Amino acid sequence: MAGIEGGGILSEVYQSARKLLLRARDGIERLERFESSVSGADSPELSFAVKKDISQIHSLCADMDRLWRSIPAKSQRDLWKRKVEQMAEEADSLKDSLDKYAMRNQKRMLEAKERAELLGRANGESAHVLRIFDEEAQAMQSVRNSSRMLQESFETGTAILSKYAEQRDRLKRAQRKALDVLNTVGLSNSVLRLIERRNRVDTWIKYAGMISTVVIVYFFWKWTR
């Protein structure tokens with residue numbers, strides 16, 4: 001009577017383990033389909049559920065291993081022994097598949113992390129290069145501004161020198177006219193020497209002004225570099 005009761009309990013436990021085995025196998029297949037998809041999606045909840053089912057199967061196999069030993073008939077004991085061992089082997093196989101999936105998933109996550117880090121470093125280097133280009137552009141703009149200011153200063157100095165040259169020509173013409181007039185009216189040589197001395201002074205003033213202008217333009221050019 002105890003053997004019949006033990007066989008009934010064993011059958012119920014076996015059916016429960018069989019359902020868990022089918023559910024765990026289906027879960028493994030679903031995880032592998034997720035893995036082979038384009039996105040390579042992962043389902044931690046499903047992985048945990050499959051792992052829990054496999055653990056329960058192992059626990060039920062331990063119970064069934066104890067129960068089949070209490071069956072009186074040797075033929076029944078041998079039959080249940082083979083069934084329990086087969087169940088345990090299938091559970092072990094599912095556990096290996098789940099462990100391999102977990103290892104592949106971990107490797108995939110590490111590779112994704114490394115790619116993200118490389119991309120982050122690449123983006124950082126790109127930003128650094130852009131900053132360098134921006135600084136170079138600002139420096140070139142500053143050089144262009146300085147060059148334009150220097151050109152304007154040079155043109156101003158050239159215009160001033162041209163004005164001095166025009167004034168010199170006018171002074172020479174005025175001097176010649178004045179000498180002609182003085183010679184005509186017969187002024188003394190002392191007056192002529194006084195005029196020549198004044199002309200020399202004007203000439204020195206003229207050249208001093210030209211030199212001052214060149215010096216100012218040179219120092220302005222040095223300041224804007």
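Owing to the predicted nature of the structure, the values given are computational and were not obtained by experimental measurement.

Novice: Can you break down the UniProt feature "transmembrane region" (unreviewed entry) in the protein residue by residue, with the values?
Specialist: In this structure's numbering, the residues bearing the UniProt feature "transmembrane region" (unreviewed entry) are residues 204-221. Taken as a whole, residues 204-221 contains 100% helix and 0% strand, while its terminal C-alpha atoms sit 26 Å from one another.

Novice: Help me get a handle on a nonpolar patch on the surface, residues and values and all.
Specialist: A cluster of nonpolar residues, Ile211, Val215, Tyr218 and Phe219, forms a patch on the protein surface that exposes about 420 Å² of accessible area. Tracing the chain through its elements places Val215 in helix α4 (residues 189-224).

Novice: Help me get a handle on the UniProt feature "coiled-coil region" (unreviewed entry) in the protein, residues and values and all.
Specialist: Here, UniProt's "coiled-coil region" (unreviewed entry) annotation points to residues 77-104. When the span residues 77-104 is considered, its composition is 100% helix and 0% strand, and the gap between its end C-alpha atoms is 40 Å.

Novice: Outline the pattern of salt bridges, supporting the account with residue identities and numerical values.
Specialist: Scanning the entire structure with this criterion turns up nine salt bridges. The residue Arg69 makes a salt bridge to Asp65 at a minimum N-O spacing of 3.4 Å. Owing to a relative accessible area of 53%, Arg69 belongs among the exposed residues under this scheme. Linking Lys95 and Asp99 is a salt bridge whose minimum nitrogen-to-oxygen distance equals 3.1 Å.

Novice: Tell me about the layout of surface pockets, and please be specific about residues and values.
Specialist: Remark: the empty space left among the atoms is shown by a probe the size of a water molecule rolled over them. Within this model, the largest pocket holds a volume of roughly 200 Å³. Along its surface, the largest pocket is lined by 13 residues, and Ser47, Lys51, Leu98, Asp99 and Ala102 are the ones closest to its centre. Only α2 (44-68) and α3 (74-185) provide two or more residues apiece to the lining of the largest pocket. Looking at the lining of the largest pocket, its residues break down into six nonpolar, three polar and four charged.

Novice: Describe the nonpolar core, with residues and values.
Specialist: In terms of nonpolar packing, the biggest core is built from 26 residues, with Leu10, Val50, Ile57, Met64, Met87 and Leu98 touching the most fellow members. Elements represented by at least two residues in this core include exactly α1 (2-36), α2 and α3. Setting aside its immediate chain neighbours within four residues, Met87 contacts Tyr14, Ala17, Arg18, Leu21, Ile57, Cys61 and Met64.

Novice: Talk me through a negative patch on the surface; I want residue IDs and the actual numbers.
Specialist: A grouping of Glu85, Glu89, Asp92 and Asp96 is seen on the molecular surface, where their side chains present a negatively charged patch. Here Asp96 is to be found in helix α3.

Novice: So what's going on with the confidence of the model for the protein? Residues and values would help.
Specialist: Per-residue pLDDT for the protein averages 79, and the proportion of residues at 70 or more is 68%. Per-element confidence in the protein ranges from a low mean pLDDT of 76 for α3 to a high of 94 for α2.

The rules behind the values
What you see as residue numbers is a count from 1 along each chain, following the sequence as written. With pLDDT at 70 or above as the cut-off, local features in this predicted model cover only qualifying residues; side-chain atom pairs require 80 or more to be listed or tallied, and sums for whole chains, interfaces and linings still use all residues. Side-chain measures were taken over the full set of non-hydrogen atoms in the model, leaving aside hydrogen atoms and water. UniProt positions are given in the numbering used here, feature names are shortened, and annotations may be inferred rather than shown by experiment. A helix here means a DSSP run of H or I that spans at least four residues, while a strand means a run of E at least two residues long, and both kinds are numbered starting from the N terminus. Each patch groups residues whose relative accessible area exceeds 30% and which form no salt bridge, using 9 Å between like charges and 5 Å between nonpolar side chains of Val, Leu, Ile, Met, Phe, Trp and Tyr. Methods summary: accessible areas were calculated by the Shrake-Rupley approach with a probe of 1.4 Å, and residue burial reflects only the protein chains presented. Should a side-chain nitrogen of Lys or Arg be within 4 Å of a carboxyl oxygen of Asp or Glu, the pair is scored as a salt bridge. Classification of residues uses two cut-offs on accessible area relative to the type maximum, computed with a 1.4 Å probe and protein chains only: under 20% is buried, over 50% is exposed, and between them is partly exposed. Method remark: on a 1 Å grid restricted to protein atoms, a set of points is classed as a cavity if a 1.4 Å probe fits but cannot get out and as a pocket if it is open with protein on both sides within 12 Å along at least five of seven lines; lining residues have an atom within 4 Å of a point. Grid points are joined across faces, edges and corners, and a volume is the space filled by probe spheres set on the points. As a working rule, the residues Ala, Val, Leu, Ile, Met, Phe, Trp, Tyr, Cys and Pro are called nonpolar, Asp, Glu, Lys and Arg charged, and the rest polar, with Gly in that last group. By convention a nonpolar core is built from buried Ala, Val, Leu, Ile, Met, Phe, Trp, Tyr and Cys residues, the set being connected through side-chain atoms within 4.5 Å. Contacts are assigned to residue pairs with any non-hydrogen atoms lying within 4.5 Å of each other. Positive charges come from Lys and Arg alone, negative charges from Asp and Glu alone, with His and the N- and C-terminal ends not counted. Each charge is placed at NZ for Lys, CZ for Arg, CG for Asp and CD for Glu. pLDDT runs from 0 to 100 and stands for how confident the predictor is about each residue.

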